[in-house]
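A look at the structure
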Amino acid sequence: MKLEGWFVEAFGQFQRYEVRGLTGGLTVIAGPNESGKSTLLAFLRGVLFGFPDRRSREPQYSPAGGGPAGGRVFLDGPEGLCTVERWAGRRHSLRVTLSGGQEAAAADLARWLGGADETLFRNVFAFSLAELQTLQTLQVDEVRDRIYSAHVTGAGQSARGAVRQLEAEMTALLRPRGASRIGELAQRVAQLEEICRDARAHAAEYPKLLETEAALRDEARAASQELEEAAQEARWYGALLELWPLWQERERARQAPAPPSSADGLREALAALAGQQRALEQELARTRAAAAALEDPERAAVLERLAEADQLAARLPLYEEQRRQLADWRTKEAACAEQVARVLERLGPEWSEPRVAAFDPPPDWIDQARAWAASLAADWRDIQERRANWERAAAERERLEQALAQETPAPHAADREVLVNLQGKLAALAAEERAAEALRAAAPIEGQTPGPPRWALGLVVVAVFALVGVGGWLSTVSAAAGGFVILLALALLAAFFVKSTATQRAESAGEDAALAAAEQRMAALKSALAEEGARAGLAPGFTLEDVEDRLREALGQEEAPLRRQLLEATLADAREHEQAQKDAYEAAEAAFAEHRQGWVFWRQQSELPESLTPENAGVLLADLQLAHSLVRARQEAAARVAQLEKDVLAWEQSLRAWGEPAGTDPDGREALAAWRQRIAEAQRQESRREELLLAAAALERRLEDTRQEAARLELAAARDAGADADAVRAFEERQADLLARLTGLGDRAAVDAALSAGDPAVWEQRARAAAETAERLRARRDDAIGRLRLTEERRQQLEESGEVAVCESQLAFARAELARATRQWLVASLAAGLITETLAEYTRTRQPEVLREASAAFARITDGMYLRVAQDEDGPSLVVEDCRGRWWKPEQLSRGAAEQLFLALRFGLATEFARHGVPLPVVMDDVLVNFDPERARATAAEIARFARSTEPERQVLFFTCHPETVRLLEEAYPGARRIELARAAALAAS
Amino acid sequence: MRFRFLHASDLHLDSPFEGIGGAPPDVAARLRDASLEALDRLTALALDRQVAFVLLAGDLYDGPERGLRAQLRFLRAVERLGGAGIPVFVVHGNHDPAGGWSACRALPPNLRIFPAGKVEAAPVERDGTRLATVYGISYAASAITENLALRFARAEGVPGLHIGLLHAAVGAQAEGNPYSPCTLADLAQAGMDYWALGHAHEYRVLSEAPWTVYPGTPQGRGARPGEWGAKGCVLAEATPERVESVEFTPLDSIRLVEAQVGIEGVQDVAGLSRRMLGEIRRLRETHEGLGLLVRVSLTGRGGVHRELQTPGRREDLLEDLRDQTAGSAPLIWVDDLVDDSRALLDRDAVARRGDFLSDLLRRSEDLAAEPGRLRERTAEAGLALSTSRYRAWLPDRSAWDPLALLREAERRALDLLEGDAAS
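Bear in mind that the values here come from a model prediction, so they are computed numbers and not experimental data.

Rules of the game
Residues numbered from 1 in each chain as written. Chains lettered and ligands numbered in written order. Predicted model: local features only at pLDDT ≥ 70, side-chain atom pairs only at ≥ 80, totals over all residues. Heavy atoms only, no water. Helix = DSSP H or I, 4+ residues; strand = E, 2+ residues; numbered from the N terminus. Buried < 20%, exposed > 50% of the residue type's maximum accessible area, 1.4 Å probe, protein only. Contact = heavy atoms within 4.5 Å. Areas by Shrake-Rupley, 256 points an atom, 1.4 Å probe, with all protein chains shown as cover. Pairing = 2+ DSSP bridges. Axes fitted to C-alpha atoms, helices over the stretch in contact; angles between N-to-C directions. Buried area = accessible area lost by both parts, 1.4 Å probe. Salt bridge = Lys/Arg side-chain N within 4 Å of Asp/Glu carboxyl O. Polar contact = N/O pair within 3.5 Å; in protein donor to acceptor, adjacent residues only side chain to side chain. Nonpolar A, V, L, I, M, F, W, Y, C, P; charged D, E, K, R; others polar. Phe/Tyr/Trp six-rings, centres within 6.5 Å; stacked < 30°, edge-to-face > 60°. Lys NZ or Arg CZ within 6 Å of the ring centre and 35° of its normal. Core = buried A, V, L, I, M, F, W, Y, C linked by side-chain atoms within 4.5 Å. Parallel < 35°, antiparallel > 145°, perpendicular 65-115°, else oblique. Left-handed = near helix turned anticlockwise from the far one by under 90°. Expected span 1.5 Å × (residues − 1). Bend = angle between axes of the 7 residues up to and from the residue. pLDDT = per-residue confidence, 0-100.

For chain A, the count of helices and strands is 28 helices and 14 strands. Looking at chain A as a whole, 41% of its 990 residues are labelled buried. For chain A, restricting intrachain contacts to residue pairs at least 6 apart in sequence, the fraction spanning at least 24 positions comes to 76%. Surface accessibility of chain A: about 52800 Å² in total, with carbon and sulfur atoms responsible for 54%.

Let us now look at the sheet that holds strand β1 (residues 3-8) of chain B. Sheet strands pair by backbone hydrogen bonding; their relative direction is either parallel or antiparallel. Residues and elements named next belong to chain B. Sheet architecture is open: 6 strands sit in the order β4-β3-β2-β1-β11-β12, paired in mixed fashion. Single-partner strands in this sheet number two, and they are β4 (111-113) and β12 (243-250). Between one strand axis and the next, the sheet turns through 20° on average, direction left out of account. Of the strands in this sheet, β1, β2 (53-57), β11 (232-238) and β12 touch helix α1 (residues 25-48), which is tilted by about 170° from β1. Lying on the sheet, helix α2 (residues 68-83) is in contact with β2, β3 (88-91) and β4; it crosses β3 at an angle near 145°.

Our focus in this paragraph is the interface of chain B and chain A. If you look at the interface, chain B gives 63 residues, while chain A gives 74 residues. Interface area lost by chain B to chain A is led by Phe356, Arg363 and Trp393 of chain B, which between them contribute 13%. On the surface where chain B and chain A come into contact, there are 6 salt bridges. In this structure, the salt-bridge partner of glutamate 169 of chain A is arginine 412 of chain B, at a minimum N-O distance of 2.1 Å. Here chain B and chain A share 7 residue pairs in polar contact (both at pLDDT 80 or more) between them. Top contributing element to the side of chain B that touches chain A by residue count: helix α11 (residues 402-417) of chain B, with 10 residues. Along the lines of polarity and charge, the residues of the side of chain B that touches chain A split into 30 nonpolar, 11 polar and 22 charged.

As a further point, take the packing of aromatic side chains. In the structure shown here, the tally under the stated rule is 24 aromatic pairs over all chains. Summarising the aromatic geometry, the rings of phenylalanine 152 of chain B and tryptophan 195 of chain B are spaced 4.8 Å apart at their centres and angled 65° between planes, so their arrangement reads as edge-to-face. You can see phenylalanine 152 of chain B sitting in the loop between β6 (129-136) and β7 (161-167) and its partner tryptophan 195 of chain B sitting in strand β8 (residues 194-198), a full 43 residues away along the chain. In this structure, phenylalanine 152 of chain B and tryptophan 195 of chain B share a single accessibility class: buried. Here the aromatic cluster, defined as three or more aromatic residues joined through ring pairs, consists of Phe3, Phe5, Phe53, Phe89, Phe114 and Tyr194 of chain B. The ring of tryptophan 351 of chain A is capped by arginine 355 of chain A, whose NZ or CZ atom sits 3.9 Å from the centre of that ring. Above the face of the tryptophan 400 of chain B ring, arginine 823 of chain A is positioned so that its terminal group lies 5.4 Å from the ring centre.

Residues and elements named next belong to chain A. By size, the foremost hydrophobic cluster in this structure holds 91 residues, and its most contacted members are Trp6 and Met924. At 11 residues, the largest contribution of residues to this core is made by helix α25 (residues 895-916). Ignoring sequence-local partners within four residues, the contact set of methionine 924 consists of Phe127, Leu903, Phe907, Ile943, Val956, Leu957, Phe958 and Phe959.

Mapped onto the elements of the fold, glutamine 735 of chain A is located in helix α21 (residues 721-741). A polar contact is formed between the side chain of glutamine 735 of chain A and the side chain of aspartate 752 of chain A, at a distance of 2.8 Å.

Another aspect to go through is the packing of helix α8 (residues 356-369) of chain B against α11 of chain B. Residue and element names in this part refer to chain B. Packing of α8 against α11 leaves a shortest axis separation of 10 Å and a crossing angle of 175°. Classified by the angle between their axes, α8 and α11 sit roughly antiparallel to one another. Contacts between α8 and α11 involve Phe356, Leu357, Leu360, Leu361, Ser364, Glu365, Leu367 and Ala368 from the first element and Leu403, Leu406, Arg407, Glu410, Ala413, Leu414 and Leu417 from the second. In terms of residue class, the contact of α8 with α11 is made up of 11 nonpolar, 1 polar and 3 charged.

Residues and elements named next belong to chain B. Within strand β15 (residues 332-339), 7 of the 8 residues are buried, which leaves it mostly tucked inside the rest of the structure. Inspection of the sheet shows strand β14 (residues 291-299) paired to β15 by 7 bridges, in the parallel sense. Paired with leucine 292 across the bridge in β15 is isoleucine 332.

Quick look at the environment of alanine 832 of chain A now. Residue and element names in this part refer to chain A. Structurally, alanine 832 can be placed in helix α24 (residues 803-861). A C-alpha to C-alpha distance of 6.2 Å links alanine 832 and leucine 166, two positions 666 residues apart in sequence. The residues contacting alanine 832, other than those within four sequence positions of it, are Val163 and Leu166.

Residues and elements named next belong to chain A. One way to put it is that helix α1 (residues 37-49) packs onto helix α3 (residues 118-125) with a least axis distance of 10 Å and a crossing angle of 150°. Judged by the angle between their axes, α1 and α3 are roughly antiparallel. Once α1 is placed against α3, the crossing between them reads as right-handed. Only Glu118, Phe121 and Arg122 of α3 make contact with α1, whose side of the interface consists of Arg45, Leu48 and Phe49. Partitioned by chemical class, the residues of the contact of α1 with α3 number 3 nonpolar, no polar and 3 charged.

Following glutamate 951 of chain A, the chain continues into proline 952 of chain A via a peptide bond in cis, with omega recorded as -5°. Counting through the fold element by element, proline 952 of chain A comes out in the loop between α26 (933-948) and β13 (955-960). In this model, alanine 209 of chain B is joined to proline 210 of chain B through a cis peptide bond whose omega is -5°. With respect to the helices, strands and loops of the structure, proline 210 of chain B is situated in the loop between β9 (204-208) and β10 (211-214). You will see that aspartate 863 of chain A, though not glycine, has its phi angle at about 55°, which is positive. Tracing the backbone through its elements, the reader meets aspartate 863 of chain A in the loop between α24 and β9 (866-871). Even without a glycine there, the phi angle at histidine 199 of chain B is positive, about 130°. Here histidine 199 of chain B lies in the loop between β8 and β9.

A few words now on the side chain of serine 35 of chain B. All names here are of chain B. Note that serine 35 resides in helix α1. Polar contacts involving the side chain of serine 35 include one to the main-chain amide nitrogen of aspartate 14, which spans 2.7 Å. In this structure, serine 35 is in contact with Leu11, His12, Leu13, Asp14, Ser15 and Gln219, ignoring residues within four places of it in sequence.

For the rest of this paragraph, the subject is the sheet that holds β9 of chain A. All names here are of chain A. The strand order across the open sheet built from 3 strands is β9-β10-β11, with neighbouring strands paired in antiparallel fashion. If you trace the sheet from one side to the other, it starts and ends with β9 and β11 (887-888), each paired once. Judged from the 5 bridges that link them, β9 and strand β10 (residues 878-882) form a sheet pairing that is antiparallel. Residue pairing for β10: glutamine 871 is matched across the bridge by leucine 878.

Helix length check: helix α9 (residues 206-255) of chain A (50 residues) gives 69 Å between terminal C-alpha atoms against 74 Å at 1.5 Å per residue, within 8%. Of all bends in α9 of chain A, the biggest is about 45°, found at tryptophan 244 of chain A, and the proline proline 245 of chain A comes one to four residues later.

When pLDDT drops low, the exact placement of atoms in the prediction is not to be read closely. All names here are of chain A. In this model, chain A carries an average pLDDT of 80, and 84% of its residues clear a pLDDT of 70 or more. Below a pLDDT of 50 lies the segment residues 149-156, which in the model reaches 44 contacts outside its immediate sequence neighbourhood of four places, other chains included. Counting interchain partners and residues more than four positions distant, the pLDDT-below-50 stretch residues 445-451 has 10 contacts.

Right, here's the structure in full:
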């Protein structure tokens, strides 16, 4: 996809400004400041992706000539030429028109742009210096997602945006806390389950209701029956009571003896009765006399002691047992006293027996005291340990402070790049010097005749003198011949010298020229070295070793802030750690003091002696507990002994009281036996007397009967027979009436039988009781019937109720809704997982490719100074490796180098985007301004290379105001198209 | 002597519709009463067709609790049949095992409930002629892994039809199946002339020699596929020697139907609503006289799919459909609107694109190809549900097909990532 051109209707300073015919490859748009380069970049972004909102902080570029801002951009894409038109401040103003005139959708435009959005386009494809200068613009999620998930056809939202939407949906459905759809539905289900359980339980009551109903019916029936019986009984006794006076009358009438048939008969009968009376009176007198004879006033006193004697006799075995127990308890008391004495001795003089007796430590005090001891001991150990930690932390802090004090910055800081240059120049100087030395070695020494060596000429002179000497000694013809030969040899030697010197002079002239040139270069190098060395703060005459030392120093110095920073950070941590340890120690001491105070409080509350320590408290309390129990045991034994002594003594005293009369019976047992015999005799006598009195009473009754009989006979003699008959009839009529009126009374015989055993008081009582029972039974019957009605109603309600069905239906509905919501959540979770995993894989697999591209570009731009760009293992940032294998973070690079790195990264990202999607045009706004000439040249070459890296060539638009940049770009990309912008270009261009 | 008998099963009396949500009270009441109405229809059919006897093959009630209303309604139905001299034979199934509480203190004389523990036989006679012997056994518990069919044996020399009444899963894998798993061969060897089975909710004739029949449930009552369509009982024509034919007779008063609506060519949501209503009208004509519980399923590809993805849009459409069909007589209730539609996007084309979405689809396909990993992945995705404080009330997700979930998730992801660009 390429930008074929644009038509700025109005935007900033531009007015009806058109450029067309743009193609692939590099286009340089050059113009001075204020010629509108940034405006044009903003226009391109605005038309393609939308103009910034008026509320935005972005420049608005309102048209200088007024009117709406906007225009058209012409794209050359897979669908052919299309026009994108958009206007600022108008919603839905986007219009995309194909070359045939038909309109396309916004989605089509998005697809042609490879799914790139405004953020991606701004940060990667159309950037100014401002965007270039930070890595952050490349690390926003939208950029990462779009790069690594490039070319999402249809241009849906970013993958991360989709995940965010899914997560929002999931949160709305389910929140760990707070309201959510699933939570509400789950609560509804829970409520309905509870309601259904209750409803089912109600329904399951049905068989019970049936049983209850039957039972209540039986109960009502039984109560009715019993009620009837009670009423019958009441009626029965009522009838008896009603008949009773008549019955008595009748009985009197019926039982009245027949009157004696004659006066004689009456007299005889009365005489007989008088005889009987006399006999009875005599008998009665005799009996009374016998009874009186048996009366003894002392017997009562004897009999009064009967109970006492029996009691004493009964207590005899107990007395024996008590005596035995007394001996045992005395032994126990002695043993306890001995043990108490031993324990008290162990406890010391401050613990007396009464104090121990009054002091009863609860059983858990020992555990509490031991716990106090353990806790305080632990606190103490904790204090020791924390103190040691604090001391160690202080020592570490001191060590770091010393190390930091030694970490002082070097007095002269030299720029590393200058030193590297010096290093190179020194190396060059050394090489030059070596070359010059070689030349000098080859040339003759100044003032010396060229020819054989001096030692050869000397040798010739010595030889001449030797020959002259030898010739004088010989003085012969042969000496003349020899001299000739010698002179000839000398002549030849001289000729050789002359020739050799001439040749050497010719060669020496060429070498001198080379030497002079070398020396000139060396002088230039030395001058440059002196100048740069002085600038780098090096002393005159510095050597390569000095430079390397300074370079090492510089490198070290570059690292020094890092080291210092690290040390400072570590020291800060150490101080914090020391403070924390100190705080911990102080906290431990405070805790110990608090615990100690707690112990003292506990001890005081427990009223324990001040001498008690947590360590000995357990033992002391155990002894105190033992002592207390022993004292209590001893006291108990003493009490038992006292009680037994008292009981034994009391019995013995009682016994002795019986024994006193005998005088010879020390413990009174024999006297007791004698008394018991006396009592038995008294009992017999008294019994006899009572029998006689009873017999006298019977005789009195018989005597009275006889007298009554006599009176009756006398009365009967005067009776009216007619009245008796009336009484009988009245009773029988009333009886018949009752029997007829009251059912259940039985027959006449039963009534007669009941009346004959007559006891009206009992009848009255029973009649009253029967009436009460009937009343009670009536209430019971009515209650049973009432409850029966309620149970029947409840049963009918249950039979007619749809309660269970309704709530189960609601429950099923709620469960269905919950299942749907849960499924929706699960699907969203799976979808989010799918997108996230795919995104992670994309980032993992595609990022290395981007970094590889960026590494190569960065290495070329920096001429091998930096070789590799990689992901920082410790974070989301990047690191770069220099030619010496050292790693640098972007913020540690110089400004220029950092911008070169970010530019290289954009080349990598754009390449990666194009690899999986659409090769979009890249628009740069004067991004080389901070580069030195060499890097600027190398970058221009890289831009050219980037433009040529695709087939057909990638479109690169470069905006610049620097002629030098134009020159560099055109040099790197011969044939680059150039568009000149002038100040106020818009006005001119219209 | 010719006679006919009625065979039904899985009445699930007075039980709610499962998986149906959001119905207003009047609709809920109609749905709730549907199973009882089906029983009334069954009774009326038996009386009308003068059947010799009625066989009920288990799951009369939906749970061991046995709703009171259900029991009383059933007893009244049995009493009505008893009034016509029609005996009723019943076995209990997994949903209503023997031993549940009974609202009845004394069973009507024409009701014979076969006990659990052993197969018992009951004769059916008319005018001194033995028409049939019914053999049956009830479930003692809700899970019976024993093959109860093996306990049945034809009594030799006894005239009349021999009918096995059993609640069982025929043809199911025996291992772990808790519904008396058996095979057709197991049934055949018992020597019955007719197997009156229960358990499956769909009418199925498994065999004609011997007759082996599932009548299905008389009233569909849930969201599961087996509950949809016509539901009823079986009327069998027979002589004492053989069953001559069986006839499925619908008894349902509310029929669960699916309205499949394609979205192709639909311009907008209004158009889609019109199309859905048209389909519902067509279904009403097809199932004249019956109440309908309709689940609308959107299928196909179309531009309106995107619109359906707008949050709340599907719910709005569903509510609109319910409003449009409210007050219909007989009842029409649109239970759900299931969106199985797709965007215009061609999934296969996306898979070939080599971009993010194709990688996403590839990842999805990889998961689909490994059921074990897919199960794990689904479990991981649902971890927050498993650890939620509401977990006790959440549905059993193990019943959900992980593959279906994956496909839904895949569609959801595609829908989100394949959107219209903002203008």
